[in-house]
Amino acid sequence: MKKFTLIALLLVSGLIFKAHAQEATTNEKLSEVNDKVNGLTERIATDEADLQKLTKIKISGYIQGQYQMTSSPLLDAGSNNYFSIRRARVKFTYEATDGIKFVLQPDFAPGALSIKDAYAVLNDRWTKSFSLWMGKFNRPNYEVEYSSSQREVVERSLVIRTLYPGERAIGAKLEYNPTTLPLHVQLAMFNGADGLTINDRAGANINPNENKDFDNFKDVMARATYNISLGSFGGLDLGAHGYWGQMKAYNTTTLKSDYTTTEAIKFGDPIKRHWIGGEFQLFADVLGGMSLKGEYIAGMNGTTGFSGVPAGTDPVKNPAIPGVANYQNNFAGYYLYFIKNLGKKNQFAFRYDYYDPNTDITGADVAIKKYSPTDPMLKSKTSGQSDLATTTFDFALHHYFDDNLRITLDYAVVQNEKVGTPGKVVNNVNDAHGNPVVVDWSNAINQNVLTLRIQAKF
Amino acid sequence: MKSINIKRFAVVAILLGMIGFAFAPAADKIVVKGSDTLVILAQKWAEVYMKSNPSVAIQVTGGGSGVGISALINGATDIANASRKMKQTEKEKLKARYNTLGVEVACAKDGITIYLNPANKVTELSIDQLSKIFKGEIKNWKQVGGADADIKLYGRENSSGTYVFFQENVVKGDYAPSCQTLPGTAAVVNAVKKDPNAIGYGGAAYAEGIEICKVKKDDKSKGCIPTAETIKTGEYPITRYLYMYLRNKPTGAMKSYIDWILSPEGQKLVVEMGYFPVK
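Here the structure is a predicted model, which is why all the values come from computation and not from measurement. Every residue gets a number counted from 1 within its own chain, in the order that chain's sequence is written. All chains are assigned letters beginning at A, and all ligands numbers beginning at 1, according to the order in which they are written. Since the coordinates come from a predicted model, pLDDT governs what is reported: local features require at least 70, and pairs of side-chain atoms require 80 or more to be given and counted, while whole-chain, interface and lining totals use all residues.

*Asks:* With reference to specific residues and values, describe the domain arrangement of chain B.
*Replies:* Residues and elements named next belong to chain B. On domain assignment, one finds that chain B holds domain 1 (6–109 + 242–272) and domain 2 (113–237). One C-alpha centre belongs to domain 1, the other to domain 2; they are set 31 Å apart. Taken residue by residue, the interface counts 13 residues in domain 1 and 13 residues in domain 2. Here the nonpolar group is Ala, Val, Leu, Ile, Met, Phe, Trp, Tyr, Cys and Pro; Asp, Glu, Lys and Arg are the charged ones; every other residue, Gly included, is treated as polar. Grouping the amino acids of the side of domain 1 that touches domain 2 by side-chain chemistry returns four nonpolar, six polar and three charged. Domain start and stop points were drawn from an automatic or database domain assignment. It is the C-beta atoms, placed from the backbone, that decide contacts: two residues are in contact if theirs lie within 7 Å.

Structural data, given as structure tokens:
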């Protein structure tokens, strides 16, 4: 019996010991698992903090590959059909905090590697209505600010391409977007000569440094838009913009675009360039969505001339070089879009655009209007091809495969204003086969372009 | 190149467009995407509506208000559910892609509810205190009459409409970096349930197993929780509409569905699911 009791005691104590040992092992394991979980939690917290920083960086971009055909003797330049990459852009946006944003957008298109956008934005954190921009960014204008990844025809209208070459400019901008009103106001100051080619007497561009102003005059731009709700019909956005710019005169005479009037100014004085425009965009929820958009711009553009050089003591070796007067031209241009969605995937667009670089003379006057005084600087200045108006009818059809991919078929019909007298204004060019062609601007010149474009956007 | 006949080109272009139009998706399949706050109600609406209208297929998913609106802009959904209003930048994108300003339909009301753990002694907070708590300026519960313990913040991801609404109307600044963002209101509720020192926010319909904190406009006001009465009278200070956004004016099956949601039958489900009716 004693033996049995002893064995039972031993067994019970063994079981208790084993249970204790198991409990100790379980506790150790629990502690180990707990440590591991704590370690993982710490790592996740660190990773989350790192990830949080990365979410402040946004990367977007788009690529436009296209095939174009033209039958224009002016646009052939050795090839009348070709593939090209129009855009290859990546946009980096870093929102450091709620109120600060940095944007950098290079364009990697072959042969045109450049920085398109590089700017910082400081948002007012108190009223949340103002923001200050500084760097290189789009000039304030509807068609300029409307990205080509969204635009309904393949190129901007001619008046916009002429007034705002390259779309961007270097400067500063104050934006006002009140939280209680559908109003958007922009006031900007730029170097002003961004994207302009200004030739000297040798034909060299005296504005080659796009990162620096070529004179001390600054240009001012303003744009204001207001959104009006039309209830269930849609909405109407109305706006206006203005440009007040100046360019340093390199000649003491400015010739006006009537080719009759001149103005004497001092060397270094400003040649004024200013224009205003009115715009509207009507969005209608009719048959799946359509819009009408338009803008009219008119004013005076200008460019600097250059001084003449008198003959040296040996006029054979150092002949006199006539200067070229500064030039100011009154211009007008407008565009009108009609855009219609066809289901969720397709869209049709039509744009009519018109640009007259010189509203003071008609096509009949071109090559006839000529300044005739004896001033050598002016006597050779005759109206010409650059004074002719251009009209473009642009038809486009888009198919959206999804949010990222769009295919576009676009046909632009370009029509020129005709010169009154045959043979007065001609270009001697070679066609795609190298054959000489005489382009007479008293006729309609075929400058039509067919474009097939695929755009990938992310 | 032979010159292209413009008339012929225009005719071909328009015909191609019409063909595209003809192949537009059938209207009796409705895709709904967006707000996680609204998703349980949207699923209930779809479920009940499809029973009485078997020819209509309605597919509902969440993802957040921002995700829903992006999907509306890129054509991936027919209805975007949102617990905030559409931003101006989003309207501009819709204009650019579809040439419309979108259609806003207020389909329910909600009171953003402040979730506390039942073990928490704190039962009432003012908007100012909530702002300071979520900005990280008040870090300990004893600063608002609770125990001496660090406050644990839980909130939504920035694609959430609730995140945006709460930030704009309550926090009025940046969230504290210590605020843990979670994917969905249910996850916020679960986190608060498990942590006695936690505080979170979200839709009223999700408030189960937690303590609902009374909220007061300022120190002089009386605190209250979101109820049909306090929401209707505007006494509860964090009240908002919940929206459905469409690209165009609804027609056909879509119009019937929207009309039904706004009908007494649809609004009855709003109450049943823990939300508040529009009227």
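Picking up after the structure, the text goes on.
*Asks:* Can you lay out helix 3 (residues 65–73) of chain B for me, pointing to particular residues and giving the numbers?
*Replies:* Residues and elements named next belong to chain B. In this scheme the burial state of a residue depends on its C-beta neighbours within 10 Å: 20 or more other such atoms mean buried, 12 or fewer mean exposed, and anything in between means partly exposed; the C-beta positions come from the backbone. In this description a helix means any DSSP run of H or I spanning at least four residues, a strand means any run of E spanning at least two, and both kinds are numbered starting from the N terminus. Counting buried positions along helix 3 gives nine out of nine residues, so the element sits mostly inside the fold. Every buried residue of helix 3 is listed here: Ser-65, Gly-66, Val-67, Gly-68, Ile-69, Ser-70, Ala-71, Leu-72 and Ile-73. Here the buried face of helix 3 lies against strand 1 (29–34), strand 2 (57–63), strand 3 (79–82), helix 4 (88–98), helix 6 (161–171) and strand 12 (239–246).

*Asks:* Would you mind going over the sheet that holds strand 3 of chain B in detail, with residue names and values included?
*Replies:* All names here are of chain B. Taking strand neighbours across the sheet as the criterion, the five strands line up as 2-1-3-12-4 in an open arrangement whose pairing is mixed. A strand with exactly one partner marks an edge of an open sheet, and here the two such strands are strand 2 and strand 4 (103–111). Each adjacent strand pair in this sheet contributes to an overall mean axis angle of 20°, direction not counted. Any two strands with at least two DSSP-identified bridges between them are counted as paired. Note that strand 1 and strand 3 share three bridges and pair parallel. In the sheet register, Gly-34 faces strand 3, and the bridge partner there is Asn-81. Geometry is summarised by axes, namely lines fitted to C-alpha atoms with helices restricted to the contacting stretch, and by angles between N-to-C directions that run from 0 to 180 degrees.

*Asks:* Which residues make up the packing of helix 2 (residues 36–52) of chain B against helix 10 (residues 264–272) of chain B, and what are the values?
*Replies:* Residue and element names in this part refer to chain B. One can describe the packing of helix 2 onto helix 10 by two numbers: an axis separation of 10 Å at closest approach and a directional angle of 140°. Comparing the axis directions of helix 2 and helix 10 gives the class oblique. Pair helix 2 / helix 10 crosses with right-handed handedness. Counted together, Leu-41, Lys-44, Trp-45 and Val-48 of helix 2 and Gly-266, Leu-269 and Val-270 of helix 10 form the full contact between these two elements. For the contact of helix 2 with helix 10, a count of residues per class yields five nonpolar, one polar and one charged. Should an angle fall under 35 degrees it is called roughly parallel, over 145 degrees roughly antiparallel, and 65 to 115 degrees roughly perpendicular, with every other angle called oblique. Here is the rule for handedness: rotate from the far helix to the near one, and if that takes an anticlockwise turn smaller than a right angle the crossing is left-handed, while a clockwise turn gives right-handed.

*Asks:* Quick rundown of the nonpolar core? Include the residues and the values.
*Replies:* Counting 72 residues, the largest nonpolar core has Leu-41, Ile-114, Tyr-115, Leu-116, Val-192, Ile-199 and Tyr-245 of chain B as its most contacted members. Broken down by element, the residue count for this core peaks at six residues, all from helix 6 of chain B. Both domains that furnish three or more residues to this core are identified here as domain 1 (6–109 + 242–272) and domain 2 (113–237) of chain B. Setting aside anything within four residues of it in sequence, one finds Leu-116 of chain B in contact with Val-122, Val-192, Ile-199, Ile-210, Glu-211 and Cys-213 of chain B. Any set of buried Ala, Val, Leu, Ile, Met, Phe, Trp, Tyr and Cys residues joined through C-beta atoms within 7 Å is what this text calls a nonpolar core. The next biggest cluster of nonpolar side chains, apart from the first, holds 52 residues, and it includes Ala-188, Leu-342, Ala-349 and Phe-395 of chain A.

*Asks:* So what's going on with the pairing of strand 3 (residues 100–107) of chain A? Which residues, and what values?
*Replies:* All names here are of chain A. As defined by bridge partners, strand 2 (residues 81–97) adjoins strand 3 across six bridges and the pair is classed as antiparallel. Within strand 3, the position partnered with Phe-92 by the bridge is Leu-104. Where strand 3 and strand 4 (residues 114–123) come together, eight bridges link them in antiparallel fashion. Residue pairing across strands places Asp-107 opposite Ser-114, the latter belonging to strand 4. Counting the residues that bridge the hairpin from strand 3 to strand 4 gives six residues, and of these Gly-111 lies at a positive phi of roughly 75°.

*Asks:* Which residues make up the confidence of the model for chain B, and what values do they have?
*Replies:* All names here are of chain B. The predictor's confidence in any single residue is recorded as pLDDT, a number from 0 to 100. Put simply, chain B has an average pLDDT of 88, and 90% of its residues get 70 or more. Of all secondary-structure elements in chain B, the lowest mean pLDDT belongs to helix 1 (residues 6–22), at 54, while strand 3 reaches the highest, 95. Throughout residues 22–26 the model reports pLDDT below 50, and contacts reaching past four residues in sequence, or to other chains, amount to three contacts. Here the prediction assigns the complex a pTM of 0.82, and the interface score ipTM is 0.76.

*Asks:* Explain the sheet that holds strand 10 (residues 211–212) of chain B residue by residue, including any values.
*Replies:* Within a sheet, each strand pairs with its neighbour through backbone hydrogen bonds, oriented either parallel or antiparallel. Residue and element names in this part refer to chain B. One open sheet accounts for five strands, arranged 8-7-9-5-10; its pairing is mixed. Both outer strands of the open sheet, strand 8 (180–182) and strand 10, are each paired with one neighbouring strand and no more. The sheet contact formed by strand 5 (residues 113–116) and strand 9 (residues 198–202) spans four bridges and is antiparallel. Bridging from a neighbouring strand, Thr-113 pairs with Gly-202 of strand 9. Each of strand 5, strand 7 (152–156), strand 8 and strand 9 is contacted by helix 7 (residues 185–194), which is oriented at about 160° to strand 9, the strand it contacts most.

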